[in-house]
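Structure at a glance
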Amino acid sequence: MQCYKKLLSMGAKLAIYEEGRSIPIEMVKNLIESIEGIEIDRERIDNLTFDDFE
């Protein structure tokens with residue numbers, strides 16, 4: 001992640017090319033962070049739900 005941030009700070013534009021389409025690395029990073037946040041929220045909900053019934 002440090003390398004990625006360093007490249008961005010130098011003005012680099014990074015993208016993944018798949019089937020003729022370009023996906024910016026920033027978008028991929030944001031999607032990963034969103035998924036990780038959802039996973040944490042689901043774990044919290046599960047803990048609250050199952051702790052109440054034990």
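In case you missed it, the structure is sitting above this.
The notes below deal with the structure included here. (Residues numbered from 1 in each chain as written. Predicted model: local features only at pLDDT ≥ 70, side-chain atom pairs only at ≥ 80, totals over all residues. Heavy atoms only, no water.)

Attention shifts here to the environment of Ile 23. Relative to the assigned elements, Ile 23 resides in strand E2 (residues 21–24). Judged by relative accessible area, which is 29%, Ile 23 ranks as partly exposed. Contacts of Ile 23, omitting those with residues within four sequence positions, involve Ala 15, Ile 16 and Val 28. (Helix = DSSP H or I, 4+ residues; strand = E, 2+ residues; numbered from the N terminus. Buried < 20%, exposed > 50% of the residue type's maximum accessible area, 1.4 Å probe, protein only. Contact = heavy atoms within 4.5 Å.)

Looking now at the pairing of E2. Here strand E1 (residues 15–18) runs beside E2; their pairing, made up of four bridges, is antiparallel. Note that in E2 the partner of Glu 18 across the bridge is Arg 21. With antiparallel pairing between neighbouring strands as the criterion, E1 and E2 make up a hairpin whose turn holds two residues, including Glu 19 at a positive phi of roughly 50 degrees. (Pairing = 2+ DSSP bridges.)

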